[in-house]
Amino acid sequence: MPALTATSSNRVAGGTLTKYTFPSASLGGLTTAVNVYVPDGAAAAPAPVLFYLAGLTCTEDTGAQKAGLFNSAAQHGVALVFPDTSPRGAGVDGEEADWQLGTGAGFYIDATEEKWSKSYNMYSLITDELPAVLGAAGLGLDFSRWSITGHSMGGHGALSIYLKNPSRFRSASAFAPIANPAAVPWGIGAFGAYLGGESVSANPTWLEHDSSALLAGSKAAPGSLHILVDVGTADQFLAAGQLTPEALEQAAEKRGAAGELTLRRQEGYDHSYYFISTFSPEHVAFHAKYLKA
Ligand SMILES: N[C@@H](CCC(=O)N[C@@H](CSC=O)C(=O)NCC(=O)O)C(=O)O
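Residues numbered from 1 in each chain as written. Predicted model: local features only at pLDDT ≥ 70, side-chain atom pairs only at ≥ 80, totals over all residues. Heavy atoms only, no water.

Note the following rule: UniProt positions are given in the numbering used here, feature names are shortened, and annotations may be inferred rather than shown by experiment.
Going by what an unreviewed UniProt entry lists, the protein chain is known as S-formylglutathione hydrolase and is assigned to Vanrija albida. Taken from UniProt, the Function (unreviewed entry) comment for the protein chain reads in full: "Serine hydrolase involved in the detoxification of formaldehyde." Annotation of the protein chain in UniProt includes, under Sequence similarities (unreviewed entry), the sentence "Belongs to the esterase D family."

Right under this line is the structure:
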C-alpha cells in the first residue's frame, strides 16, 4: 500500500481536514491529492464516509473550500473525501488544451483508448484505490458505510459509480449532474476521446458509464436505490443542453420502481457553488439517513 503524505491540515467544524498525497497505481504512478475531513470521535468509532466528486476544471480543493459540507457532516458524524478530478501531468498530447478534456476533466471513467489509458483511470481511483489506501491508513473511516455525491461532471461520476456498484454504496446524490453523458456534447467529447468512437451507436460501451442508461437497466432490487438530485432552473449548462435531468426521470419511470429518485428543480439557481452550498446540508442529511441506518 502506498504511503500517504500529509501536506496540510486545518481544523474545521469540530473535526480536521487533511490533504494527503500518494503515488496512484490507477493513475500510472502519478501523485494524486485528496482532502479528507474526519469529524472528532472517529478515532474511537470510525465514521461513515461521503465522497464528493467535483466538476470540470476543479481540484480536490474546490468542493472542500466552496461546497459548505463541513458543519452538516460534523452534525451527522460523517467523514468527507474530496478526490481530484483527473491525473495531473500525465504528459498526454493535448491534455491541457481544452477545459472539457484531459486535466481537470477525467470524467470518473477508466480510459480504454491507448493515448489516455495509462493514467486516465479515475473510476479505479475512486472505487478501488482510494478506499483501499485510505481504509488501510487508520484514519477512522468506515468504508462499510459509504455514500457518494458530486457536481456536474462529478454528479455524473457519483450517479454512474453508484449505479454500477449499488451494493457498495448506501446512497447517491448529485448537484446539476450530466445525467445522460452519452447523448450530450460534454459526454460525447470525453467518452469519444477516452473510450473511442464518435457516438454511442459506434461504441455502445459508453452506456456502461451513462447514469440514465444504468438506471433504466439496473438489476438492483426494486426500491433499493436511494438517489437525490438537485438542478437549478437558471443553470447555464442546463440551458445549453449538457445536463438533461429529464433523461434520468424517464429512466426511473422505465425502471418502474417508485420512490427511488427524488429530482428537484430549484427555481432561479445557477450552476455555481452558491447553488451547491445552499442545498448541500440537505444532501448530507439525506446520506446520513442511510449511512446511519
Ligand atoms: N471554464 C468554464 C467553466 C467551468 C465550470 O463552470 N466548471 C464548473 C463545473 S462544470 C461541470 O462539470 C465548476 O464547478 N467550476 C468551479 C467553480 O468554482 O465554480 C467556462 O469557460 O465556461
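Quick look at empty space enclosed by the protein
Counted only if it meets this: As defined here, a cavity is a set of points on a 1 Å grid over the protein atoms alone where a 1.4 Å probe fits but cannot get out. A pocket is an open set with protein on both sides within 12 Å along at least five of seven lines, and residues line them when an atom is within 4 Å of a point. Grid points are joined across faces, edges and corners, and a volume is the space filled by probe spheres set on the points.
Under the counting rule described, the total for this entry stands at 1 cavity of 30 Å³ or more. Taken as a whole, the largest cavity encloses approximately 40 Å³ of empty space. Lining the largest cavity, in full, are Leu215, Ile227, Ala252, Arg255, Ala257, Glu260 and Leu261.

Observations regarding the site of the ligand
So the rule is basically this: Here a residue is considered near a molecule or strand provided that any single heavy atom belonging to it is located within 4 Å of it. Here a polar contact means two N or O atoms within 3.5 Å. Within protein one must be a hydrogen donor candidate and the other an acceptor candidate, and residues neighboring in sequence count only if both atoms are side-chain atoms. In this description, a molecule resides in a pocket or cavity if more than half of its atoms sit within 2 Å of the grid points defining it.
As a matter of local geometry, the ligand sits amid 14 residues, with Leu56, Cys58, Lys66, Ser152 and Met153 nearest to it. The contact in question runs from an oxygen atom of the ligand to an N or O atom on the side chain of His151, over 3.5 Å. In the environment of the ligand, an oxygen atom lies 2.7 Å from a nitrogen or oxygen atom belonging to the side chain of Ser152. Judged by the fraction of its atoms near the pocket grid, the ligand is located in the largest pocket.

A closer look at helix α9 (residues 245–255)
Cut-off, in case you're wondering: Remark: exposure states derive from per-residue accessible area (1.4 Å probe, protein chains only) relative to the maximum for the residue type, with buried under 20%, exposed over 50%, and partly exposed in between. Think of it this way: any DSSP run of H or I at least four residues long counts as a helix, any run of E at least two long counts as a strand, and we number them from the N terminus. Within this analysis, the arc is defined by the directions that extend from the helix axis to the C-beta atoms.
Buried residues of α9: Pro245, Ala247, Leu248, Ala251 and Arg255, and no others. On an axial view of α9, the arc spanned by its buried residues comes to 155 degrees, and they lie on one face. Exposed residues on α9 whose side chains face more than 90 degrees from its buried face are Gln250, Glu253 and Lys254. Following α9 by one or two positions, Gly256 has its phi on the positive side, about 80 degrees.

Things to note about the side chain of Ser119
What counts, and what does not: We call two residues in contact when some of their heavy atoms are within 4.5 Å.
Inspection of the secondary structure puts Ser119 in the loop between α3 (114–117) and α4 (122–136). Once residues lying within four places of it in the same chain are set aside, the contact partners of Ser119 are Ser26, Leu27, Gly28, Leu30, Pro87 and Ala90.

What to know about the environment of Leu130
One can find Leu130 in helix α4. With 70 residues separating them in the primary sequence, Leu130 and Glu60 have C-alpha atoms 13 Å apart. Setting aside residues up to four positions removed in sequence, Leu130 forms contacts with Phe22, Val34, Phe51, Pro83, Leu125 and Gly135.

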